[in-house]
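Working through the structure, step by step
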Amino acid sequence: MCGIVGIFNIGEQTPELRQKALRMSQKIRHRGPDWSGIYTGPSAILCHERLSIVDPESGRQPLFAPDKKQVLAVNGEIYNHTSIRQSTSDYQYQTGSDCEVILALYREWKANGASSFVPLLERLSGIFAFALYDVEDGSFLIARDPIGVIPLYIGYDKDGKVYVASELKALEGQCDCYEPFLPGHYYWSREADKGMQRWYTRGWMQGETVPKEELSYGDAVEEVRLGLMSAVKRQLMSDVPYGVLLSGGLDSSVISAIAARYASHRVENDGATEAWWPRLHSFAVGLKGAPDLAKAKLVAERIGTVHHEINYTIQEGLDAIRDVIYFIETYDVTTVRASTPMYLLARVIKSMGIKMVLSGEGADEIFGGYLYFHKAPTPEEFHKETVRKLSKLHLYDCLRANKSLSAWGVEGRVPFLDKEFLDVAMTLDPSYKMCPGKEIEKKVVRDAFSDMLPEEIAWRQKEQFSDGVGYSWIDTLKQITASAVSDEQMAHAAERFPINPPRNKEEYYYRSIFAEHFPSDSAARSVPS
């Protein structure tokens, strides 16, 4: 997981502006502790903080086209870069970086005189946020992946400069206003009047458009199985040791089980060679005796990972809250609760020399895994709600997973949100996903992978992450925050915090810490109400 910073539409380059960009980039160095790079051009500055996962030796950024006429800074992974390299053989690649294919595609787009960036961006299979500067004409292109797995923010100042950064802490106090860059969108300076433009569109995204039944239920199960296995295999692309987050719930267990099947080999050019790290490691976190831990151990024994159970105390969690809010950049109650154990776990993962982990985020949104989905009245309404949940994921679970891990320089990948797998999962007949009455949720996923998991895991009912790590964690947070915030403070909450006023004492407590770190109105508005 890397970090990028960009300043564009610069009228006059000065040493002070370059130093400003460096300070902004330094704020997000935790995302990329392996190398720092900066480019200063006629009307732009690009900074990059690198976490080296693919091509550690030569893939430092910003990346340059062979003639230096285009410059690129990327946070992300392009899983299909090998096939893109083969289809852009006229381009003289300078590195082995998976991200350099974006430059090749841009050069091809420019040579063809194309009018839309949609075909270019659709060719990318991966998670990404990037900024590309064209030295020839001073234009720039900014884009973000379909679901928003990778964070990105865009800002503006009164002089007309445009800012972009991986985290809002780089923009706080540096420009007049900023906002989250929308997932599945791009911004092209030559069409600045159009603002952010959507490039990722699918028929299933229209709430009223429900996929028609084309597959039998058995065929749907097989499609899910093959599609997710392909997604995991794609996302194991790595030149460094990796692991899996194994909570003991269904979603992380499925991802871990698939990864274990492929982990003994590296995927290269659609072939395989023996992996140079010997075993797949799995990680679980929780208070001692937490429900998730025993289940995670069962899965690890079944799939054969080197398993690590990380225990934390309630006091250690409480001590970390202030730092957690700084790194995850939100005051959303559920996100803070769940981010704290993940933040503590990420530090242990990094200490073991592992720089990338696979995780199970996204399954509940795609397959209706939350318990309230049992109440869906029709397949149409079920489908609409999955679409709505996916559209907000960048503000919640994607944000939590990415920023909790990147606080310690660990990259998280989420195969359930793989672009190609979404084309499979979101076009299934929604009636196959429904769970009326006492029918267990996510049955299609359970049927697809029950042979890989212990029976008690494959058919285990969902637990909230923050409950699964230990029920007393939530109870203590409620008690601590209730005693720390007075009734009088709550009575005046809307006066102190007019943007998204806190609705309870726990939220007030987190909001107060957030405001210390990020006092601007832009920061407050970046968090969903």
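Everything here concerns the structure above.
To start, this report covers the structure provided alongside it. Since this is a predicted model, take the numbers as computed values, not measurements. Every residue gets a number counted from 1 within its own chain, in the order that chain's sequence is written. Where local features are concerned, this predicted model is filtered to residues with pLDDT of at least 70; where side-chain atom pairs are given and counted, the filter is 80 or more; whole-chain, interface and lining totals use all residues. Hydrogen atoms and water are omitted, and side-chain values are computed over all heavy atoms in the structure.

Secondary structure elements follow DSSP: runs of H or I no shorter than four residues count as helices, runs of E no shorter than two count as strands, and numbering proceeds from the N terminus. When you go through the protein chain residue by residue, the secondary structure sums to 21 helices and 19 strands. Relative to the compact-globule value of 24 Å for 529 residues, the protein chain shows a C-alpha radius of gyration of 23 Å, a close match. Based on the C-alpha atoms only, the size of the protein chain along its principal axes is roughly 65 × 60 × 50 Å. Buried residues in the protein chain amount to 60% of all 529 residues. Contacts are residue-level and defined by heavy atoms, with any inter-residue pair within 4.5 Å sufficient. Pairs at least 24 apart in sequence give 71% of the contacts found in the protein chain among residues at least 6 apart. Seen as two clouds, the 60 positive and the 72 negative side-chain charges of the protein chain have centres 2 Å apart. Throughout, radius of gyration means the C-alpha value; the globule benchmark is 2.2 Å times the number of residues raised to the power 0.38. Note on exposure labels: buried denotes an accessible area under 20% of the residue type's maximum, exposed denotes more than 50%, and partly exposed covers the range between, all computed with a 1.4 Å probe on protein chains only. The charged-residue count follows a simple rule in which Lys and Arg add positive charge and Asp and Glu add negative charge, with His and chain termini not counted at all. The location of each charge is read from NZ of Lys, CZ of Arg, CG of Asp or CD of Glu.

What follows is about the side chain of Glu172. Tracing the backbone through its elements, the reader meets Glu172 in the loop between strand S9 (162-165) and strand S10 (177-180). Only one rule defines a salt bridge in this text: a Lys or Arg side-chain nitrogen within 4 Å of an Asp or Glu carboxyl oxygen. Lacking a salt bridge, the buried Glu172 has Lys27 as its closest oppositely charged neighbour, with an N-O distance of 9.8 Å. Residues within four places of Glu172 in sequence aside, it is in contact with Tyr178, His517, Phe518, Pro519, Ser520 and Ala523.

Another point: the pairing of strand S16 (residues 281-286). Among the six residues that make up S16, five are buried, leaving the element largely enclosed by the rest of the structure. Here, a strand pair is defined by DSSP locating no fewer than two bridges between the strands. The sheet contact formed by strand S13 (residues 242-245) and S16 spans three bridges and is parallel. Bridging across to S16, Gly243 finds its partner in His281. Here S16 pairs with strand S17 (residues 306-311) via six bridges, running parallel.

All right, on to the nonpolar core then. Within this scheme, the nonpolar core is defined by two criteria: the residues are buried Ala, Val, Leu, Ile, Met, Phe, Trp, Tyr or Cys, and they are joined through side-chain atoms within 4.5 Å. Phe8, Leu121, Leu124, Phe130, Ile142, Phe367 and Phe449 are the most contacted members of the largest nonpolar core, which has 114 residues in total. Not counting residues up to four positions away in its chain, the partners in contact with Phe8 are Ser43, Ala44, Leu46, Ala131, Tyr133, Phe140, Ile142, Lys161, Val162 and Val164. In this structure, Ile28, Ile310, Tyr331 and Phe518 belong to the second largest nonpolar core, which totals 55 residues.

For the rest of this paragraph, the subject is the sheet that holds strand S4 (residues 63-64). Strand order in the open sheet made by the six strands is S4-S5-S6-S7-S11-S12, with antiparallel pairing throughout. Lying at the two open borders of the sheet, with one neighbouring strand each, are S4 and strand S12 (197-198). Bridge count for strand S6 (residues 126-134) against strand S7 (residues 140-144) is five bridges, and the pairing is antiparallel. In the strand pairing of S7, Tyr133 is matched with Phe140. Angular values range over 0 to 180 degrees, each being the angle between N-to-C directions of two axes fitted as lines to C-alpha atoms, with helices fitted over their stretch in contact. Sitting on the sheet, helix H3 (residues 101-112) touches S4, strand S5 (70-78), S6, S7 and strand S11 (185-188), and the angle it makes with S5 is about 125°.

Scanning all chains against the criterion turns up 35 salt bridges. For Lys110, the salt bridge goes to Asp134, with nearest N and O atoms at 2.8 Å. A residue pair is termed long-range when its members are at least 10 positions apart, and Lys110 in helix H3 and Asp134 in strand S6 qualify at 24 residues. Taking the relative accessible area as the measure of exposure, Lys110 reaches 31% and is therefore partly exposed. Glu507 is the partner of Arg503 in a salt bridge, and the nearest nitrogen-oxygen pair spans 3.4 Å. Note on Arg503: relative accessible area 61%, which makes it exposed. Each member of the salt-bridge network shares a partner with another, and the members are Arg31, Glu167, Lys169, Glu329 and Lys403.

Turning to the packing of aromatic side chains, a few remarks are in order. Two aromatic rings are characterised by how far apart their centres lie and by the angle between their planes. Any two of the Phe, Tyr and Trp rings considered here, Trp counted by its six-membered ring, make a pair once their centres fall within 6.5 Å; the pair's planes then place it as stacked at under 30 degrees, edge-to-face at over 60, or tilted in between. Counted under the stated rule, the structure contains 30 aromatic pairs. Consider the rings of Tyr39 and Phe64, whose centres lie 5.7 Å apart with planes at 70°: the pair is edge-to-face. Remark: Phe64 occurs in strand S4 and Tyr39 occurs in strand S2 (residues 35-40); sequence separation between them is 25 residues. Judged by relative accessible area, which is 26%, Phe64 ranks as partly exposed. Members of the aromatic cluster, connected to one another through ring pairs, are Tyr326, Phe327, Tyr331, Tyr343, Trp408, Phe514 and Phe518. In this structure, Lys169 is placed above the aromatic ring of Tyr326, and the distance from its NZ or CZ to the ring centre is 4.7 Å. The ring of Tyr331 has Arg511 sitting right over it, with the charged end atom 4.3 Å from the ring centre. As a reminder, the over-ring test applies to NZ of lysine and CZ of arginine, requiring each to be within 6 Å of the ring centre and within 35 degrees of the ring normal.

Looking now at the sheet that holds S13. One open sheet holds the five strands; their spatial order is S17-S16-S13-S18-S19, and the pairing between them is parallel. The open sheet terminates on both sides in strands that have one partner only, identified here as S17 and strand S19 (411-413). Averaged over all adjacent pairs, the angle separating strand axes in this sheet is 30°, with direction ignored. Across three bridges, the pairing between S13 and strand S18 (residues 356-358) is parallel. Considered in S18, the bridge of Val244 is made with Leu358.

Here we take up the packing of helix H9 (residues 333-351) against helix H20 (residues 505-517). Here H9 crosses H20 at 70°, and the two axes come no closer than 9 Å. When the axis of H9 is compared with that of H20, the two are roughly perpendicular. Residues Val333, Val336 and Arg337 of H9 touch H20, and the partners they reach there are Glu506, Glu507 and Tyr510. The classification used treats Ala, Val, Leu, Ile, Met, Phe, Trp, Tyr, Cys and Pro as nonpolar, Asp, Glu, Lys and Arg as charged, and all other residues, Gly among them, as polar. The residue inventory of the contact of H9 with H20, partitioned by class, reads three nonpolar, no polar and three charged. In this scheme, roughly parallel covers angles under 35 degrees and roughly antiparallel covers those over 145, while 65 to 115 is roughly perpendicular and the rest are oblique.

For the bond running from Gln61 to Pro62, omega is 0°, close enough to zero to count as cis. You can see Pro62 is positioned in the loop between strand S3 (45-50) and S4. In this structure, Asn9 takes a positive phi of about 60° despite not being glycine. Tracing the backbone shows Asn9 in the loop between strand S1 (3-8) and helix H1 (15-26). Positioned with a positive phi, Lys442 is a non-glycine residue whose angle comes to about 55°. When its relative accessible area of 3% is taken as the criterion, Lys442 is described as buried.

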